Amino acid sequence: MLRMKKLIVANWKMNPKTLSEAVSLARKTGVVKKGAGELVICPPYPFLSGVQKVLNGAALGAQDMSENTEGPHTGEVSAGILKSVGVSYVILGHSERRSELGENDEAVNGKVLQALKAGLRVVLCIGEPIEIRKKGLPSASSFVKKQLLGCVAGIEKLGLKKKNLILAYEPVWAISTSKNRRNETPDDAAFMASLIKTIVREKFYFTPRVLYGGSVGEKDVRDFVSQKEVDGTLVGAASLRASEFRLLMGKVFE
Ligand code: PEP
């Protein structure tokens with residue numbers, strides 16, 4: 001059976017400090033051989049164009065966007081603006097935006113609809129906080145189901161290309177910057193990925209790709225992406241460490 005190519009999304013967050021460092025990191029990490037797999041590099045907005053010039057086989061992604069299309073929204077960036085500078089992917093609903101900026105499912109839903117309408121590929125982050133996971137996997141499953149359905153409400157009206165909706169299961173407590181971080185197990189990540197696929201299939205009649213994200217590094221990436229339910233990984237901190245990230249890519253795309 002033909003194995004599906006894996007997807008890696010590198011979320012640089014608010015890093016690195018300067019354009020020249022960003023370009024240098026992109027030169028080292030934004031390289032992927034044709035046919036090996038899909039790689040998306042997501043730098044901060046001001047670095048998008050500079051990074052794009054040096055990518056070699058990788059696609060360009062943004063870390064967020066507005067739910068509005070244009071007009072008086074100071075500081076915001078629309079799906080159309082992103083498309084016009086060559087962005088093809090956008091991360092939406094990241095837990096840091098939910099916790100730091102109070103972004104809720106309704107706001108994320110507005111962004112998802114705009115991004116899909118504009119033809120961007122959405123990497124939608126969902127995942128439960130630690131208080132929920134402590135109650136067990138059934139509680140985590142209900143939380144994730146509600147969050148997911150809230151964020152994708154109305155997508156069936158868009159005639160969407162199924163490739164354009166990608167889910168990233170990111171348990172908040174496993175992300176490298178979360179306080180008292182813990183490790184997710186590959187088995188539980190696979191269980192949640194499978195659940196997410198079932199929810200989308202039952203509601204929208206297609207099976208989306210599901211990534212796992214949460215402190216994945218070169219040492220454990222294989223444990224996650226070798227799970228058949230997991231189609232790739234969303235990587236934060238390790239995507240800033242060029243040599244580690246290259247090793248990680250080698251393991252995912254092998
Ligand atoms: C993230 O924040 O999306 C993420 C996966 O980060 P890290 O790999 O640093 O945990």
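In what follows, the structure referred to is the one given above.
Residues numbered from 1 in each chain as written. Predicted model: local features only at pLDDT ≥ 70, side-chain atom pairs only at ≥ 80, totals over all residues. Heavy atoms only, no water.

1. So, the overall build of the chain
Broken down by element type, the chain carries 10 helices and 8 strands. Taking the principal axes of the C-alpha coordinates as reference, the chain spans close to 45 × 45 × 40 Å. Put simply, the chain has 254 residues, and 54% of those count as buried. For the chain, contacts bridging at least 24 residues in sequence account for 72% of all contacts bridging at least 6. For the chain, the accessible area works out to roughly 12300 Å², and carbon and sulfur atoms hold 53% of it. Side-chain charges of the chain comprise 38 positive and 26 negative groups, with the mean position of each set lying 5 Å from the other. (Helix = DSSP H or I, 4+ residues; strand = E, 2+ residues; numbered from the N terminus. Buried < 20%, exposed > 50% of the residue type's maximum accessible area, 1.4 Å probe, protein only. Contact = heavy atoms within 4.5 Å. Areas by Shrake-Rupley, 256 points an atom, 1.4 Å probe, with all protein chains shown as cover. Lys, Arg positive; Asp, Glu negative; His and termini not counted. Charge placed at Lys NZ, Arg CZ, Asp CG, Glu CD.)

2. Considering the site of the ligand
Near the ligand lie 13 residues; those nearest to it are Lys13, His94, Ser176, Ser215 and Ala237. Contact between the ligand and Ser176: an oxygen atom at 2.5 Å from a side-chain N or O atom of the residue. Taking Ala237, its main chain carries an N or O atom lying 2.8 Å from an oxygen atom of the ligand. Its free accessible area being 290 Å², the ligand has 100% of it covered by the protein chains. Classifying every residue of the shell around the ligand gives 4 nonpolar, 6 polar and 3 charged. (Near = heavy atom within 4 Å. Polar contact = N/O pair within 3.5 Å; in protein donor to acceptor, adjacent residues only side chain to side chain. Nonpolar A, V, L, I, M, F, W, Y, C, P; charged D, E, K, R; others polar.)

3. Some remarks on the side chain of Ser141
If you trace the backbone, Ser141 turns up in helix H7 (residues 137–152). Overall, Ser141 belongs to the buried group, its relative accessible area being 11%.

4. Some details on helix H8 (residues 186–204)
The end-to-end C-alpha distance of H8, which contains 19 residues, comes to 26 Å, matching closely the 27 Å that a straight helix rising 1.5 Å per residue would cover. Considered for burial, the residues of H8 that qualify are Ala189, Ala190, Met192, Ala193, Ile196, Lys197, Ile199, Val200 and Phe204. Positive backbone phi, approximately 65°, marks Tyr205, located one or two places after H8. (Expected span 1.5 Å × (residues − 1).)

5. A closer look at helix H5 (residues 105–117)
Compared with the 18 Å implied by 1.5 Å per residue over 13 residues, the 18 Å span of H5 between its first and last C-alpha is a close match. In terms of burial, H5 is a largely internal element, 10 of the 13 residues being buried. All of the buried residues in H5 are Ala107, Val108, Asn109, Gly110, Lys111, Val112, Leu113, Gln114, Ala115 and Leu116. Buried residues in H5 make contact with helix H3 (79–84), strand E4 (89–92), helix H4 (95–101), strand E5 (121–126) and H7.

6. A short note on the pattern of salt bridges
All told, the structure shown has 16 salt bridges when counted by the stated rule. Residues Arg209 and Glu38 are paired through a salt bridge, measuring 2.7 Å at the closest nitrogen-oxygen approach. You can see Arg209 sitting in strand E7 (residues 209–213) and its partner Glu38 sitting in strand E2 (residues 38–42), a full 171 residues away along the chain. One salt bridge in this structure joins Lys111 and Asp64, with 2.9 Å as the shortest N-O distance. Note that Lys111 is positioned in helix H5 and Asp64 in the loop between strand E3 (59–62) and H3, a separation of 47 residues in sequence. In terms of burial, Lys111 and Asp64 fall into one category: buried. Via salt bridges that share partners, Asp64, Arg97, Glu103 and Lys111 belong to a single interconnected network. (Salt bridge = Lys/Arg side-chain N within 4 Å of Asp/Glu carboxyl O.)

Interpretation note: all reported values are geometric properties and have no functional meaning in isolation.
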